[in-house]
Amino acid sequence: MAQTSIYDFKVQDRKGQEISLSQYRGKLILIVNTATKCGFTPQYEELENLYKNYKDKGLEILDFPCNQFGNQAPGSEEEIHSFCQLNYGTEFPQFRKVEVNGENASPLFSFLKQQKGFEGFDLNHPIGKILHDMLSKNNPDYAQSADIKWNFTKFLVDKEGNVIYRFEPTHDIKDIERIISELI
């Protein structure tokens, strides 16, 4: 049966236990593919601040480490979890490492990409131009596919389970917070 809602998916937590996303029904959900050795890794701090400010109002942040972009999420789930807690004090749920693109892509991320495609990097962001140049060198048409382009791509899911926004890693977290505060 094809999944038609975010709530139809089951994922594994960092310890390998199956979790149904239906347990987040009625909450605003920010789903992120992350990495611990990336130029965007400091976004963990911004994400944790968002979580602290909005979790009691109905926000969940779901962290899916991914090692597909420059091998920037090495280590086991426990090593990644320890790194995030020690360096950024993260408390939001962290799941098993996943692939987000290709034939082994997590069904959840395939669904997210189907719902919201790539809309471009913020080229005013210091890393935005670097990513654009690097990706277009390998594939001049890279922006045409819905594939996730890099670590810390975020998908915002409304309280009814609809994927309503996709934020690239270069998107300003203050803008994301403004949107969350309006929807919460």
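In this report, the structure presented in the accompanying data block is examined. (Residues numbered from 1 in each chain as written. Predicted model: local features only at pLDDT ≥ 70, side-chain atom pairs only at ≥ 80, totals over all residues. Heavy atoms only, no water.)

### Section: the side chain of Thr90
Then, in step 1: Within the secondary structure, Thr90 is located in the loop between helix H2 (77-88) and helix H3 (107-115).
Then, in step 2: The contact partners of Thr90, leaving out residues within four places of it in the chain, are Tyr44, Glu48, Cys84 and Gln85. (Helix = DSSP H or I, 4+ residues; strand = E, 2+ residues; numbered from the N terminus. Contact = heavy atoms within 4.5 Å.)

### Structural notes on the packing of helix H1 (residues 43-54) against helix H5 (residues 173-183)
Then, in step 1: Two numbers describe how H1 lies on H5: the axes approach to 11 Å, and their chain directions differ by 20°. In this view, H1 runs roughly parallel relative to H5, as classed from their interaxial angle. Both H1 and H5 take part in a crossing whose hand is right-handed. Along the contact surface, H1 presents Glu46, Leu47, Leu50, Asn53 and Tyr54, while H5 presents Ile173, Ile176, Glu177, Ile180 and Ser181.
Then, in step 2: When its residues are assigned to classes, the contact of H1 with H5 shows 6 nonpolar, 2 polar and 2 charged. (Axes fitted to C-alpha atoms, helices over the stretch in contact; angles between N-to-C directions. Parallel < 35°, antiparallel > 145°, perpendicular 65-115°, else oblique. Left-handed = near helix turned anticlockwise from the far one by under 90°. Nonpolar A, V, L, I, M, F, W, Y, C, P; charged D, E, K, R; others polar.)

### Remarks on the pattern of salt bridges
Then, in step 1: On inspection of all chains with the given rule, the structure shows 8 salt bridges.
Then, in step 2: For Arg96, the salt bridge is made with Glu77, and the minimal N-O distance between the two is 3.4 Å. Taken together, the positions of Arg96 in the loop between H2 and H3 and Glu77 in helix H2 put the pair 19 residues apart, joining distant regions of the chain.
Then, in step 3: On the accessibility criterion, Glu77 (17% relative accessible area) is buried.
Then, in step 4: Lys113 serves as the salt-bridge partner of Asp147, at 3.5 Å between the closest nitrogen and oxygen. Here the residue Asp147 occupies a position in the loop between helix H4 (128-138) and strand S5 (154-157), and Lys113 occupies one in helix H3, the gap between them amounting to 34 residues.
Then, in step 5: Classification of Lys113 by relative accessible area gives buried; the value is 9%.
Then, in step 6: Taken together, the shared-partner salt bridges in this structure form one network comprising Asp175, Arg178 and Glu182. (Salt bridge = Lys/Arg side-chain N within 4 Å of Asp/Glu carboxyl O. Buried < 20%, exposed > 50% of the residue type's maximum accessible area, 1.4 Å probe, protein only.)

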